[in-house]
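# Descriptive structure summary
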Amino acid sequence: MIEAGPIPAVHGVVRWRLADLMQWLWDEYRIRISKQTLSRELRALNFRKLSARPRHHAKSEAAVAVFKIYGPAVRCKRAVSGWMRDGSHQSIRPQYGA
């Protein structure tokens, strides 16, 4: 059952959680099992818990797009005004005594 995965139309979920499996065990076999015991048994069968990558709630998609195009060097005009395209540094201080 676990390897096949849930059927969304039947089980109402797209991925098994421990709570869903606990409910399924009760509905099918009238077996009550604790969350910790079920987790331990699944780990013994070489199943692993998957967790989603966290996302910040205030993430700006526009800022991400700009960062992907220009990289971290373009933060403000002043930060890049002293650098030329080939990577060599152009002096922005006046030359005295020349």
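What this report covers is the structure whose coordinates are included nearby. Residue positions within a chain follow its written sequence, with the count starting from 1. The model is predicted, so local features are restricted to residues of pLDDT at least 70 and side-chain atom pairs to those at 80 or more, both for listing and for counting; the totals for chains, interfaces and linings are taken over all residues. The side-chain figures draw on all heavy atoms in the structure; neither hydrogens nor water molecules are used.

### Details of the overall build of the protein
The helix and strand labels rest on DSSP assignments: H or I over at least four residues marks a helix, E over at least two residues marks a strand, and numbering proceeds from the N terminus. When helices and strands are counted, the protein shows five helices and zero strands. The secondary structure elements of the protein, listed N-terminal to C-terminal, are α-α-α-α-α. The buried share of the protein, taken over its 98 residues, is 12%. It only takes one pair of heavy atoms within 4.5 Å for two residues to be counted as in contact. Taking all contacts inside the protein whose residues are at least 6 apart in sequence as the whole, residues at least 24 apart take part in 10%. Working note: accessible area of the protein is about 9400 Å², and carbon and sulfur atoms make up 55% of it. The cut-offs for exposure are 20% and 50% of the maximum accessible area for each residue type, with area from a 1.4 Å probe on protein chains only; residues under the lower value are buried, those over the upper are exposed, and the others partly exposed. Here the accessible surface of atoms and residues is derived via Shrake-Rupley with a 1.4 Å probe, and residues count as covered only by protein chains that are part of the display.

### Concerning the environment of histidine 11
With respect to the helices and strands, histidine 11 occurs in helix α1 (residues 8-11). Judged by its relative accessible area of 28%, histidine 11 falls in the partly exposed class. Along the chain, histidine 11 and tryptophan 24 lie 13 residues apart, while their C-alpha atoms are 8.7 Å from each other. When sequence neighbours within four positions are dropped, the list of residues in contact with histidine 11 reads Met1, Pro6, Trp16 and Trp24.

### Remarks on the nonpolar core
By convention a nonpolar core is built from buried Ala, Val, Leu, Ile, Met, Phe, Trp, Tyr and Cys residues, the set being connected through side-chain atoms within 4.5 Å. Ranked by size, the top nonpolar core spans seven residues in total: Val13, Trp16, Leu21, Trp24, Leu25, Leu38 and Leu42. Among the secondary structure elements, those contributing two or more residues to this core are α2 (18-29) and α3 (35-44). Among the elements that take part in this core, α2 stands out by supplying three residues, more than any other. If near-sequence neighbours (up to four positions away) are discounted, leucine 42 is found in contact with Ile2, Leu18, Leu21 and Phe47.

### Re the packing of aromatic side chains
Side-chain rings of Phe, Tyr and Trp (the six-membered ring for Trp) are treated as a pair once their centres are within 6.5 Å; stacked means planes under 30 degrees apart, edge-to-face means over 60, and tilted covers the remaining angles. Per the counting criterion, the structure on display carries one aromatic pair. With a centroid separation of 5.7 Å and an interplanar angle of 85°, the aromatic rings of tryptophan 24 and tyrosine 29 are classed as edge-to-face. The ring of tryptophan 26 carries arginine 32 above its face, with NZ or CZ at 4.1 Å from the centroid. As a reminder, the over-ring test applies to NZ of lysine and CZ of arginine, requiring each to be within 6 Å of the ring centre and within 35 degrees of the ring normal.

### Considerations on the pattern of salt bridges
Whenever a carboxyl oxygen of Asp or Glu lies within 4 Å of a side-chain nitrogen of Lys or Arg, that contact is scored as a salt bridge. According to the stated counting rule, one finds one salt bridge in the structure shown. With its nearest N and O atoms 3.0 Å apart, the salt bridge here joins aspartate 20 to arginine 17. The class of aspartate 20 is buried, set by a relative accessible area of 13%.

### Here we look at a nonpolar patch on the surface
On the surface, Val66, Ile69 and Tyr70 cluster together into a nonpolar patch covering about 340 Å² of accessible area. Tracing the backbone through its elements, the reader meets isoleucine 69 in helix α4 (residues 61-70). Patch membership requires more than 30% relative accessible area and the absence of a salt bridge. Residues of like charge join within 9 Å; the nonpolar side chains Val, Leu, Ile, Met, Phe, Trp and Tyr join within 5 Å.

### Some words on the packing of α2 against α3
Contact pair α2 / α3: the axes reach a minimum separation of 10 Å and the direction vectors enclose 100°. Our classification of the angle between α2 and α3 gives roughly perpendicular. Only Lys35, Leu38, Ser39 and Leu42 of α3 make contact with α2, whose side of the interface consists of Leu18, Leu21, Met22 and Leu25. Here the residues of the contact of α2 with α3 are counted per class, giving six nonpolar, one polar and one charged. Orientation is described by lines fitted to C-alpha atoms, with helices fitted over the stretch in contact, and by angles between N-to-C directions that extend from 0 to 180 degrees. By the definition adopted for this analysis, an angle is roughly parallel if under 35 degrees, roughly antiparallel if over 145, roughly perpendicular if from 65 to 115, and oblique otherwise. Each residue gets one label: Ala, Val, Leu, Ile, Met, Phe, Trp, Tyr, Cys and Pro are nonpolar, Asp, Glu, Lys and Arg are charged, and the others, such as Gly, are polar.

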